[in-house]
Amino acid sequence: MKDSRAILQAAKIIQHGGIVAFPTETVYGLGADAFNPLAVARIFEVKRRPYFDPLIVHVANPADVKNLVKEIPSNAKKLTERFWPGPLTVVLFKEENIPDIVTAGLPTVAIRMPSHPMALSLIKESRCPIAAPSANPFGYLSPTTAEHVREQLGDQVDLILDGGPCPVGVESTIVSFLEERPRLLRPGGVSLEEIESVIGKLKISPIEEVRPSAPGMLPKHYAPRTPIVLDWNEKNLDIYKGKKIGLLAFQETKNHLKFHSVEVLSKKGDIREAAANLFAAIRRMDALKLDLIVAETIPEIGLGRAIMDRLRRASSGGLSSEELIKQSEI
Ligand code: TXA
Ligand code: MG
């Protein structure tokens, strides 16, 4: 189907209370009319997402935020002016009109204006804000291609719009404006440094503090089936003899022979390319039925912060390789 026709059909589905998977620049989302509680409930069912985990409301125009929130603090305005459309989500005090199911009963709402042309057209044609989480079963990696969505949720959604691979590859950065000083709730596609260059220092939440309102911040989330280990070292690899180990590498390395398979996220070591490849690479490795995936770590600067955040959450609760082996006797 031609893109424009598919988008019109998708918009019709949204208007009639259906759910549609669609590309954004970060990851694929699973969307419904944000003002239709029954449609939004289906998203929770399909994803097996707990109802205490609120959704992001996607808009096609910054002016649309006004109807959704009580007030837009000046720092929030500065950030949205600078980074919208794009991978930034702001959490603000919500207006009454947003159904409780969208915000999990919280007095706040997370809002973002994506930059992907298909996402923007879909929202415009639907003529409503679109509530959408990432289009994956709860707790698994976010999809960065239409194929990923098809594999996991294919028969349960009304339509999948295919916009190719997501160029950013990690989810949006979430900043809340509920206190005097803005707070980073989730590192993502816009780096902390970029944000602080516009509005100054942010508070950075320890995981415990945001747990009730942002399960995406749970220590173990975005997890593949194969254990991922970050805390390993070359010398210890002998203890894995006879096991199928995969290496998730950031750039070309020399040790490929030791591993059953290797995914190089960016041959030239480009962090943007690495982020864009991250989830698809982990999915490919997860499909190989390896005993273990060991991942390289990178400095937590720029997009490196979001990448390391997702890797930690995808990894086995922070266990070292030895601890993991003891525990599971792989
Ligand atoms: O890049 C993205 O943000 C993608 C695309 C599809 O837009 N969406 C996404 O949605 O990652 P989701 O549902 O997978 O993650 C949204 C996160 C969750 O951790 C949720 O708990 C948090 O945002 N969140 C939503 N509303 C919130 C609120 N009012 N207060 C605090 N956290 C909130
Ligand atoms: Mg998600």
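Read on for an overview of the structure. Keep in mind that what you see is a predicted model, and the values were worked out from it rather than measured.

As a further point, take the overall build of the protein chain. A tally of regular secondary structure across the protein chain gives 11 helices and 14 strands. Per-residue burial for the protein chain yields a buried fraction of 56% across its 330 residues. Considering only intrachain contacts with a sequence separation of at least 6, the fraction spanning at least 24 residues in the protein chain is 68%. A total accessible area of about 14,700 Å² is found for the protein chain, and carbon and sulfur atoms account for 52% of it.

Here 10 strands make up an open sheet; going across it, the order is β7-β1-β2-β6-β3-β5-β4-β8-β9-β10 and the pairing mixed. Unpaired on one side and paired on the other, β7 (159-160) and β10 (203-204) mark the two borders of the sheet. When strand β1 (residues 20-22) meets β7, the two strands line up parallel, connected through 2 bridges. Counterpart to A21 in the pairing with β7 is I160. Helix α3 (residues 74-83) rests against β4 (88-93) and β8 (173-176) of the sheet, and its axis sits at about 155° to β4.

The subject of this paragraph is the site of ligand 1. The environment of ligand 1 is formed by 26 residues, the closest being T26, R49, D53, H58 and S172. Contacts to ligand 1 include T108, whose side-chain N or O atom sits 2.9 Å from a nitrogen atom. A total of 670 Å² of accessible area belongs to ligand 1 in isolation, and the protein chains cover 97% of it. Secondary structure elements with two or more residues in the shell around ligand 1: β3 (56-58), β5 (108-112) and β9 (183-186). Looking at the shell around ligand 1 residue by residue, the class counts come to 13 nonpolar, 8 polar and 5 charged.

Next up on the list: the side chain of D309. Among the structural elements, D309 can be located in helix α10 (residues 303-314). On the basis of relative accessible area, D309 is assigned to the buried category, the value being 6%. Among the polar contacts listed, one links the side chain of D309 to the side chain of R313, at a separation of 2.5 Å.

Below, the discussion takes up α10. The terminal C-alpha atoms of α10 lie 17 Å apart, and with 12 residues this matches the ideal 16 Å at 1.5 Å per residue to within 8%. Among the 12 residues that make up α10, 10 are buried, leaving the element largely enclosed by the rest of the structure. Among the residues of α10, those classed as buried are L303, G304, A306, I307, M308, D309, R310, L311, R313 and A314.

With that settled, consider the nonpolar core. Ranked by size, the top nonpolar core spans 64 residues in total, and within it L30, L88, L122, L161 and I195 carry the most contacts. Setting aside residues no more than four positions away along its own chain, I195 makes contact with L79, F83, L88, T173, V175, V190, G200 and L202. Core analysis: the next-biggest nonpolar cluster, separate from the first, contains 27 residues, V27, L265, A306 and I307 among them.

Take P87: it is sitting in the loop between α3 and β4. Sequence-distant contacts of P87, that is, excluding residues within four places in its chain, are made with E25, T26, R112, S172, T173, G189 and V190.

With that settled, the discussion passes to the packing of α3 against helix α7 (residues 192-199). Viewed as axis vectors pointing N to C, α3 and α7 meet at an angle of 125°, and their least axial separation amounts to 10 Å. Compared by their axis directions, α3 and α7 come out oblique. For the crossing formed where α3 meets α7, the hand is right-handed. Residues N75, K78, L79, R82 and F83 of α3 form the contact with α7, whose own contacting residues are E194, I195, V198 and I199.

In this section: the packing of aromatic side chains. Think of a pair of aromatic rings as described by two things: how far the centres are apart, and how the planes are tilted against each other in angle. Using the criterion set out here, one finds 2 aromatic pairs in the structure. Measuring from ring centre to ring centre gives 4.9 Å for F44 and Y51, while their planes differ by 20°; the resulting arrangement is stacked. Classification of Y51 by relative accessible area gives partly exposed; the value is 45%. Consider the rings of W232 and F259, whose centres lie 6.4 Å apart with planes at 85°: the pair is edge-to-face. Of this pair, W232 sits in the loop between β11 (228-229) and β12 (245-249) while F259 sits in the loop between β12 and β13 (261-264), placing them 27 residues apart in sequence.

Judged from the 3 bridges that link them, β8 and β9 form a sheet pairing that is antiparallel. Opposite V175, over in β9, you have L184 as the bridge partner. Counting the residues that bridge the hairpin from β8 to β9 gives 6 residues. Direction of pairing for β9 relative to β10: parallel, over a ladder of 2 bridges. The partner of L184 across the bridge, within β10, is I204. In this region the chain leaves β9, passes through α7 and returns to the parallel neighbour β10; the handedness of that crossover is right-handed.

Criteria and thresholds
- Residues numbered from 1 in each chain as written.
- Chains lettered and ligands numbered in written order.
- Predicted model: local features only at pLDDT ≥ 70, side-chain atom pairs only at ≥ 80, totals over all residues.
- Heavy atoms only, no water.
- Helix = DSSP H or I, 4+ residues; strand = E, 2+ residues; numbered from the N terminus.
- Buried < 20%, exposed > 50% of the residue type's maximum accessible area, 1.4 Å probe, protein only.
- Contact = heavy atoms within 4.5 Å.
- Areas by Shrake-Rupley, 256 points an atom, 1.4 Å probe, with all protein chains shown as cover.
- Pairing = 2+ DSSP bridges.
- Axes fitted to C-alpha atoms, helices over the stretch in contact; angles between N-to-C directions.
- Near = heavy atom within 4 Å.
- Polar contact = N/O pair within 3.5 Å; in protein donor to acceptor, adjacent residues only side chain to side chain.
- Nonpolar A, V, L, I, M, F, W, Y, C, P; charged D, E, K, R; others polar.
- Expected span 1.5 Å × (residues − 1).
- Core = buried A, V, L, I, M, F, W, Y, C linked by side-chain atoms within 4.5 Å.
- Parallel < 35°, antiparallel > 145°, perpendicular 65-115°, else oblique.
- Left-handed = near helix turned anticlockwise from the far one by under 90°.
- Phe/Tyr/Trp six-rings, centres within 6.5 Å; stacked < 30°, edge-to-face > 60°.
- Right-handed = clockwise from strand over helix to strand, strands pointing away.

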